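Chain and residue survey
Now for the letters of each chain:
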Amino acid sequence: MSNDKVSIALVLPDLLGTYGDFGNAVVLEKRMTWRGIPAEIVTVNFGEPVPDSCDIYVVGGGEDTAQTLAVRHLRDHPGMQRAAARGAVVLGVCAGIQIFGESFTRADQVTHPGLGLLDSTSHAGGSRAIGEVVATPADGLFEGLLTGFENHQGRTVLGPSARPLAHVKVGTGNDGSVEGAVQGRILCTYLHGPVLPRNPQLADLLIEWATGTKPAPLELEAVTRLRTERAKAAGVPA
Ligand code: GLN
């Protein structure tokens, strides 16, 4: 921890914040404070410098123009990349997975450099992937199924240094076969929902990485209900 609280940087929610993705930062903060682990959210808006002292960085989704602006800002203010290099936890959602890679080719076929945090490239697919996603976590990373919804045109190809977060049962994810990416403490997904309210096991994995301690169990009836309902919508048993 950089100070007496676990600090969660909510990065550019004014550009990258589709579908309430800021909720990922709220879930991390709440799941820590409810267990007595002091935590705070540090919001970094477009135009502001990005601190390199936070413990967790959370980046959400956005459309092609917004993500191009965001990547320029983050290259000019490389605080998150410096933090990632010293082992900070970084979560990237949708546009996040695309801008973290080496490059992304937008639907207008223009290729932009990414942040080089993730061994991957992204390019626009022939159609948008829209709908519920259900996937099995890779390598036993966490328990239960990964669920969420997707709305993206980009497809992502992982290089040898990155491994998939999960294997797709329903939906598209990166390419119809694998979903998301993990490289060190950088974890990416195409899933909204937001993804952490829908997958508290994933939130707890990020908390464990940030604090070095497996957090105590925390069952929330509302989350169980939400997961059961969404699994039914996807046609898969919870
Ligand atoms: N612009 C990207 C795409 O369509 C990301 C979309 C998103 O973040 N929801 O692929």
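Everything that follows concerns the structure shown earlier in this document.
Residues numbered from 1 in each chain as written. Predicted model: local features only at pLDDT ≥ 70, side-chain atom pairs only at ≥ 80, totals over all residues. Heavy atoms only, no water.

**Quick word on the overall build of the protein chain**
Per the secondary structure count, the protein chain includes seven helices and 12 strands. Taken over the C-alpha trace, the protein chain has a radius of gyration of 16 Å; the compact-globule value for 238 residues is 18 Å, and the two agree within 12%. Each principal axis of the C-alpha distribution contributes one length, and for the protein chain these read about 45 × 45 × 30 Å. Relative to its full complement of 238 residues, the protein chain shows a buried share of 54%. For the protein chain, restricting intrachain contacts to residue pairs at least 6 apart in sequence, the fraction spanning at least 24 positions comes to 68%. Summing over all exposed atoms, the protein chain offers an accessible surface of approximately 9,800 Å²; the carbon and sulfur share of this is 53%. Charged side chains in the protein chain number 20 positive and 25 negative. The centres of these two groups are separated by 3 Å. (Helix = DSSP H or I, 4+ residues; strand = E, 2+ residues; numbered from the N terminus. Rg over C-alpha atoms; globule rule 2.2 N^0.38 Å. Buried < 20%, exposed > 50% of the residue type's maximum accessible area, 1.4 Å probe, protein only. Contact = heavy atoms within 4.5 Å. Areas by Shrake-Rupley, 256 points an atom, 1.4 Å probe, with all protein chains shown as cover. Lys, Arg positive; Asp, Glu negative; His and termini not counted. Charge placed at Lys NZ, Arg CZ, Asp CG, Glu CD.)

**A look at the sheet that holds strand β3 (residues 56-59)**
The strand order across the open sheet built from six strands is β2-β1-β3-β4-β12-β11, with neighbouring strands paired in mixed fashion. Looking at the sheet topology across the chains shown, the edges are occupied by β2 (39-44) and β11 (181-183). Strand after strand, the sheet turns through a mean of 15 degrees between neighbouring axes, direction not considered. Across the sheet, helix α1 (residues 23-33) lies against β1 (6-11), β2, β3 and β4 (89-93), angled at about 160 degrees from β2, the strand it touches most. (Pairing = 2+ DSSP bridges. Axes fitted to C-alpha atoms, helices over the stretch in contact; angles between N-to-C directions.)

**Some words on helix α2 (residues 64-76)**
In this model α2 runs 19 Å from its N-terminal to its C-terminal C-alpha over 13 residues, within 8% of the 18 Å that 1.5 Å per residue would give. The secondary structure elements touched by the buried residues of α2 are β1, α3 (79-85), α4 (95-100), β5 (103-105) and β6 (111-113). (Expected span 1.5 Å × (residues − 1).)

**As for the site of the ligand**
The immediate surroundings of the ligand are formed by 14 residues, with G62, D64, C94, Q98 and G154 found nearest. Here an oxygen atom of the ligand and a side-chain polar atom of Q98 are 3.0 Å apart. Q153 places a main-chain nitrogen or oxygen 3.0 Å from an oxygen atom of the ligand. Burial of the ligand by the surrounding chains reaches 99%, relative to a free accessible area of 300 Å². Sorting the residues of the shell around the ligand by element identifies α2, α4 and β8 (146-158) as the ones contributing at least two each. Looking at the shell around the ligand element by element, the count peaks at four residues for β8. (Near = heavy atom within 4 Å. Polar contact = N/O pair within 3.5 Å; in protein donor to acceptor, adjacent residues only side chain to side chain.)

**Brief notes about the layout of surface pockets**
Its boundaries defined by the atoms lining it, the largest pocket holds a volume of some 580 Å³. Lining the largest pocket are 23 residues, and of these E143, P200, Q201, D204 and E219 lie nearest its centre. The set of elements that each furnish at least two residues to the lining of the largest pocket consists of α6 (200-211) and α7 (221-233). The greatest single-element share of the lining of the largest pocket, amounting to five residues, is contributed by α6. Broken down by class, the residue content of the lining of the largest pocket amounts to 11 nonpolar, four polar and eight charged. The space that makes up the second largest pocket amounts to roughly 200 Å³. Surrounding the second largest pocket, 23 residues form its lining, D64, Q67, Q98, Q153 and G154 being those nearest its centre. (1 Å grid on protein atoms, 1.4 Å probe; cavity = no way out; pocket = protein on both sides within 12 Å on 5 of 7 lines; lining within 4 Å. Points joined across faces, edges and corners; volume = space filled by probe spheres on them. Nonpolar A, V, L, I, M, F, W, Y, C, P; charged D, E, K, R; others polar.)

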